[in-house]
Amino acid sequence: MNWNIFSPVKRVRKRSKTKDSFDEFIHIIESFALREHLSDREAFYYNYKMMPACEKSLPALLETLSRNKDLKIDPGEHARTLFLQLKNFYDPKETLSPKKALSDKNLIRKFRDLFMLFYDGNKLSREEIEAWLKPLR
């Protein structure tokens, strides 16, 4: 028996053709996102497509995430749109106003993690996030 100790323990499975609107956005995102965060994206975002409460907010969030060209053109506008979509995803009953959401440390942390998981893998600085989200205040 020949064992390669450098082979990955968990094999990354290839996605099949699009089955629903979620899969279309997931396919676009996976074409540019870092592979090392795939399991986190599946655990924290993609698996929520089975929940009825996320039927409206998850496709909107995934669609915004799939438009990574908008991030390069106008990062501030893209970040504001993405923050509001993330707020709607984590607050489906809309108990937080946008101003209260800006002061919610957990939501800001999730926003920072979202950029790390889906875009470039780097953590954003607090100052950069505040500069992007300042017009929402």
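Numbering of residues starts from 1 in every chain and runs along the sequence as written. Totals for whole chains, interfaces and linings use every residue, but because this is a predicted model, local features are given only for residues with pLDDT of at least 70 and side-chain atom pairs only at 80 or more, for both listing and counting. The side-chain values count all of the structure's non-hydrogen atoms but skip hydrogen atoms and water molecules.

**A short note on the pattern of salt bridges**
In a structure, side chains of opposite charge can pair up when their charged atoms sit close to one another.
Inference 1: Take a side-chain nitrogen of Lys or Arg and a carboxyl oxygen of Asp or Glu: if they are within 4 Å of each other, that pair is a salt bridge. Applying the stated rule across the entire model yields 9 salt bridges.
Inference 2: With its nearest N and O atoms 3.0 Å apart, the salt bridge here joins Lys49 to Asp23. Note that Lys49 is positioned in the loop between α2 (38–44) and α3 (57–66) and Asp23 in helix α1 (residues 21–32), a separation of 26 residues in sequence.
Inference 3: Here Lys49 falls in the partly exposed class, since its relative accessible area comes to 28%.
Inference 4: The rule is simple: take the accessible area with a 1.4 Å probe, protein chains only, and divide by the maximum for that residue type; under 20% is buried, over 50% is exposed, in between is partly exposed. Relative accessible area serves as the criterion here: at 11%, Asp23 is assigned to the buried category. Strands are runs of DSSP state E lasting at least 2 residues, helices are runs of H or I lasting at least 4, and numbering of each runs from the N terminus.

**Here's the deal with the confidence of the model for the protein chain**
Inference 1: As a per-residue quantity, pLDDT reports the predictor's confidence and falls between 0 and 100. On average, residues of the protein chain score 83 in pLDDT, and 85% of them reach the 70 mark or higher.
Inference 2: No element of the protein chain has a lower mean pLDDT than helix α4 (residues 68–73), at 84, and none a higher one than helix α5 (residues 75–90), at 91.

**Considerations on the packing of α5 against helix α7 (residues 105–118)**
Inference 1: To get an axis, a line is fitted to the C-alpha atoms, and for a helix only the part in contact is used. The angle between two axes follows their N-to-C directions and goes from 0 to 180 degrees. Axis separation between α5 and α7 bottoms out at 10 Å; the angle between their running directions is 120°. Put simply, α5 runs oblique to α7. The handedness of the crossing between α5 and α7 is right-handed. Between α5 and α7, the contacting residues are Ala79, Leu82, Phe83, Leu86, Lys87 and Tyr90 on the first element and Leu107, Ile108, Lys110, Phe111, Leu114 and Phe115 on the second.
Inference 2: Among the residues forming the contact of α5 with α7, the class breakdown is 10 nonpolar, no polar and 2 charged. Oblique is the label for any angle not covered by the other classes, which are roughly parallel (under 35 degrees), roughly antiparallel (over 145) and roughly perpendicular (65 to 115). Helix crossings fall into two classes, left-handed where the near helix is turned counterclockwise from the far one by less than a right angle and right-handed where it is turned clockwise. Contact criterion: two residues are considered in contact whenever any of their non-hydrogen atoms come within 4.5 Å of each other. Classes in brief: Ala, Val, Leu, Ile, Met, Phe, Trp, Tyr, Cys and Pro nonpolar; Asp, Glu, Lys and Arg charged; the others, Gly included, polar.

**Observations concerning the nonpolar core**
Inference 1: In these notes, a set of buried Ala, Val, Leu, Ile, Met, Phe, Trp, Tyr and Cys residues joined through side-chain atoms within 4.5 Å is what counts as a nonpolar core. Counting residues in each nonpolar core, the largest one holds 34 residues, and the members touching the most others are Tyr45, Leu62, Leu65, Phe111 and Phe115.
Inference 2: Taken together, the elements giving at least two residues each to this core come down to α1, α3, α5, α6 (98–103), α7 and α8 (126–133).
Inference 3: Among the elements that line this core, the one with the most residues is α7, at 8 residues.
Inference 4: Once residues lying within four places of it in the same chain are set aside, the contact partners of Phe111 are Ala79, Leu82, Phe83, Leu86, Ile129 and Leu133.

**Some words on the packing of aromatic side chains**
Inference 1: Working definition: rings of Phe, Tyr and Trp (its six-membered ring) pair if their centres are within 6.5 Å, and the pair is stacked with planes under 30 degrees apart, edge-to-face with planes over 60 apart, and tilted otherwise. A full pass over the atoms with the stated rule returns 10 aromatic pairs.
Inference 2: Ring geometry for Phe89 and Tyr90: centres 5.0 Å apart, planes at 75°, overall edge-to-face.
Inference 3: What makes Phe89 buried here is its relative accessible area of 5%.
Inference 4: Arranged with centres 5.1 Å apart and planes meeting at 75°, the rings of Phe111 and Phe115 form a pair that is edge-to-face. Of the two residues, Phe111 and Phe115 are both situated in helix α7; the distance of 4 residues between them amounts to about one turn of the helix.

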